[in-house]
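Observations on chain architecture
The primary structure of each chain is shown beneath.
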There are 2 protein chains.
Amino acid sequence: MTEVAQRAGVSTMTVSNVLNGRSQRVSESTRRRVLATIDELGYQVNMTARNLRVGRTGTVGLAVPGFSPDYYAELAAALGDRFAAHGLRLAVERTGASRAAELDALTAARLSSYDGFVLSVVAGDAADLEKLRVDTPVVLIGERAVPARFDHVLMDNVGGARLATQLLIRSGARRIALLGGVVGSEESMPELRTRGYREAHDAAGLHVADELIVSCEFAVADGYAATRGLIDLGVAFDAVFALTDSSAIGALRALAETGRGVPDDVQVVGFDNVDHSRFTTPALTTVEPGNAEMADAICELLVERIASRPAPVPARVIMPQPRIVQRESTRRS
Amino acid sequence: MTEVAQRAGVSTMTVSNVLNGRSQRVSESTRRRVLATIDELGYQVNMTARNLRVGRTGTVGLAVPGFSPDYYAELAAALGDRFAAHGLRLAVERTGASRAAELDALTAARLSSYDGFVLSVVAGDAADLEKLRVDTPVVLIGERAVPARFDHVLMDNVGGARLATQLLIRSGARRIALLGGVVGSEESMPELRTRGYREAHDAAGLHVADELIVSCEFAVADGYAATRGLIDLGVAFDAVFALTDSSAIGALRALAETGRGVPDDVQVVGFDNVDHSRFTTPALTTVEPGNAEMADAICELLVERIASRPAPVPARVIMPQPRIVQRESTRRS
DNA sequence: ATGAAAGCGCTAACAA
DNA sequence: TTGTTAGCGCTTTCAT
């Protein structure tokens, strides 16, 4: 910049003013001359320096476990669009669902390259987060219990799982395999969805057979393997509730491969209403957790907090209402 | 930092040394005291300032059109792992396949937050890129013709498409629909793959019927719509070569929905060997373009260039050999 | 309308 | 082993 200034015979201040469109502070003729020089030298402002000075970067960060299951990729895309509408860029980082990486993502060091940050918490817990001192606006997503001072957007896991299970029961299922189910009382996504599954059974006066609850990660390959496992073990079931659409898609494959008809022999329900679920054969019945509302909320919360910084708006919690999207993998009751 | 220094009764330099683990330059006792003070104050280094000073950020950027088709999400994940092994973080940005956004991504302003950058070029052309003056190491991916001064990693689109089409012809297909095919002689991905398709036909002495070449974007929904379109128009075909696995998956759905058996009535081949393609019903035969090699190459190229900056290593071009992965959507010939 | 001075938070280079 | 000086490239403030 100094070089431009010298060459144009003005001060760096004037160059700065030109670059920042402070047109009232610089005459048209100088403006032209400076612009010409900038062009001639191919000069580009150094963002790092500007950020240091101004304390803003124009980008927000998003940390998710990864791009699989598809849910996260779609979330990233949805948020990217929304932030773009506010003139903010979105940079996506992966935590690999590791607790260390999640905390690391919130480290002030990292945060200092962002104006705001969205963290998907799947492994960290409240105690970890509590310790952090964060000056950058942050909104948390995910179902973990979370310190009250953070804005928090989450889905109704229990409610959604209850809906899915009820639908299955209503259409005649009595032995519903739960792919990714766990026992435990933490507030993690699998535990919450398992709770919904149990609640629906209880409400219908049905017993849950423990062998139907199988552990399973959330990608397509995992759903496939878990379902094959169940079949190979000879466990009987007439429905599958998979904790994610991706694992449901894997289940569909395992079922087809072993000659079980869906939905006639086995009904299948997923969770997330991922784009892909419309195009499987049969098309997947699933729980729509309110993806659009959540993306809207995340964006609005963060944008507002960035704008009002550091005025301490009280933290908010947002949880949209889930609903069932019925397609072909379940029977109409 | 100044605050820490004062409080601990040392100079900022000593604090800096402690933070950067320059253990030889600071006594154990001071180190302890400084660390205690840091902890007490909850101090965190300001990365923006450090970056300004040292000119490195420890993160590399990746710009892709989006996370759909899945190919990009998987690429991002693969690169994330590899860069992590080199102690580099990966931040992913979306260009939405817009030419402006692609060029924008390479703007020095943006680049200055990264030590290196990977850009997937799908819309920009050589002339655009030629103009850019970039001081950050960049590797380009994608099939567009690209200025020679950039490292460039690409897949053999023509060869892969030829392989896929040959396979189809060999197993009896005579009317192969090309989903996403185009006429044109630019070096874009669709044009290249279309060329491979034609070459295979020519080599077998087969005529290409123009009505079989249908335009189609690359996501699942697009493949579905295009295939439905073909069917609704009453165009006869005995095979589908989809330009991406994602669109092939959509085609599978359209075929199933209209009662066509795969591979008996219609064979289907995709391109990319996306994770998902193993789990469709039937499992998708596809072209594996050398994803792992490409990710390795991208990472190595960039890391090397970052390390050797600014020594001008000559630009390199890397194109792995594609191969067919035969699964259930084609007939064994 | 333009410029000079000061300093954002940090580290390289040198001095003590 | 520790401290001092200078300056990364920019913008804010205040003077001209």
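Residues numbered from 1 in each chain as written. Chains lettered and ligands numbered in written order. Predicted model: local features only at pLDDT ≥ 70, side-chain atom pairs only at ≥ 80, totals over all residues. Heavy atoms only, no water.

As a further point, take the overall build of chain A. Assigned secondary structure in chain A consists of 13 helices and 12 strands. Here the C-alpha radius of gyration of chain A, 25 Å, is well above what a compact globule of 333 residues would show, namely 20 Å. With the principal axes as the frame, chain A shows a C-alpha extent of 85 × 40 × 30 Å. Taking all 333 residues of chain A together, the buried fraction comes to 56%. Counting contacts in chain A only where the partners sit at least 6 residues apart, residues at least 24 apart contribute 68% of the total. Between the averaged position of the 36 positive side-chain charges in chain A and that of its 41 negative side-chain charges there is a distance of 7 Å. (Helix = DSSP H or I, 4+ residues; strand = E, 2+ residues; numbered from the N terminus. Rg over C-alpha atoms; globule rule 2.2 N^0.38 Å. Buried < 20%, exposed > 50% of the residue type's maximum accessible area, 1.4 Å probe, protein only. Contact = heavy atoms within 4.5 Å. Lys, Arg positive; Asp, Glu negative; His and termini not counted. Charge placed at Lys NZ, Arg CZ, Asp CG, Glu CD.)

Here the focus is the interface of chain B and chain A. On the side of chain A, 44 residues touch chain B, which itself brings 44 residues to the contact. Approximately 3700 Å² of surface area, both sides summed, lies buried where chain B meets chain A, with 55% of it carried by carbon and sulfur atoms. Contact with chain A buries area across many residues of chain B, yet Arg89, Arg253 and Phe279 of chain B alone supply 19% of it, more than any other trio. On inspection of chain B and its partner chain A, the count reaches six salt bridges. The salt bridge involving Asp81 of chain A is made with Arg94 of chain B; its shortest N-O contact spans 2.6 Å. For the interface between chain B and chain A, the tally reads 12 residue pairs in polar contact (both at pLDDT 80 or more). At the level of secondary structure, the elements contributing two or more residues to the side of chain B that touches chain A comprise α4 (47-54), α5 (70-85), β2 (89-94), α7 (108-111), α11 (220-232) and α12 (245-257) of chain B. For the side of chain B that touches chain A, the element with the most residues is β2 of chain B, which contributes six residues. Grouping the amino acids of the side of chain B that touches chain A by side-chain chemistry returns 24 nonpolar, 10 polar and 10 charged. (Buried area = accessible area lost by both parts, 1.4 Å probe. Salt bridge = Lys/Arg side-chain N within 4 Å of Asp/Glu carboxyl O. Polar contact = N/O pair within 3.5 Å; in protein donor to acceptor, adjacent residues only side chain to side chain. Nonpolar A, V, L, I, M, F, W, Y, C, P; charged D, E, K, R; others polar.)

This part takes up the domain arrangement of chain A. The figure often quoted for interface size is the accessible area lost as the parts come together. Segmentation of chain A into domains returns domain 1 (1-45), domain 2 (59-155 + 291-320) and domain 3 (157-288). One C-alpha centre belongs to domain 1 of chain A, the other to domain 3 of chain A; they are set 63 Å apart. (Domains from an automatic or database assignment.)

Moving on to the packing of aromatic side chains. One pass over the full model with this rule turns up nine aromatic pairs over all chains. Where Tyr224 of chain A meets Phe279 of chain B, the ring centres are 5.3 Å apart and the plane angle is 55°; that geometry is what we call tilted. Of this pair, Tyr224 of chain A sits in helix α11 (residues 220-232) while Phe279 of chain B sits in the loop between β9 (267-269) and β10 (286-288), which puts the two residues in different chains. A relative accessible area of 6% means that Phe279 of chain B is categorised as buried. Seen from the ring of Phe271 of chain A, Arg193 of chain A lies directly overhead, with NZ or CZ sitting 3.6 Å from the centre. (Phe/Tyr/Trp six-rings, centres within 6.5 Å; stacked < 30°, edge-to-face > 60°. Lys NZ or Arg CZ within 6 Å of the ring centre and 35° of its normal.)

Before going further, it helps to examine the relation of the copies chain B and chain A. When chain B is fitted to chain A, the residual RMSD is 0.2 Å, and the transformation amounts to a turn of 180° plus an axial shift of 0.1 Å. A rotation of that kind, with that shift, is consistent with a two-fold axis. Take the interface residues of chain B: 100% of them recur as interface residues in chain A, which is what a same-surface contact looks like. (Least-squares fit on C-alpha atoms with pLDDT ≥ 70 in both.)

Another aspect to go through is the protein's contact with DNA strand D. The local shell around DNA strand D holds 25 residues, among which Met1, Met13 and Tyr43 of chain A together with Ser27 and Thr30 of chain B are the closest. Here the atoms of DNA strand D within 4 Å of the protein split so that 66% fall in sugar or phosphate, with bases taking the remainder. A distance of 2.4 Å separates a phosphate oxygen of DNA strand D from a polar atom in the side chain of Tyr43 of chain A. The separation between a phosphate oxygen of DNA strand D and a polar main-chain atom of Ser27 of chain B is 2.6 Å. For the surface near DNA strand D, the secondary structure elements donating two or more residues are α2 (12-19) and α4 (47-54) of chain A together with α2 (12-19) and α4 of chain B. With five residues, the top contributor of residues to the surface near DNA strand D is α4 of chain A. The residue makeup of the surface near DNA strand D, split by class, is 11 nonpolar, nine polar and five charged. (Near = heavy atom within 4 Å.)

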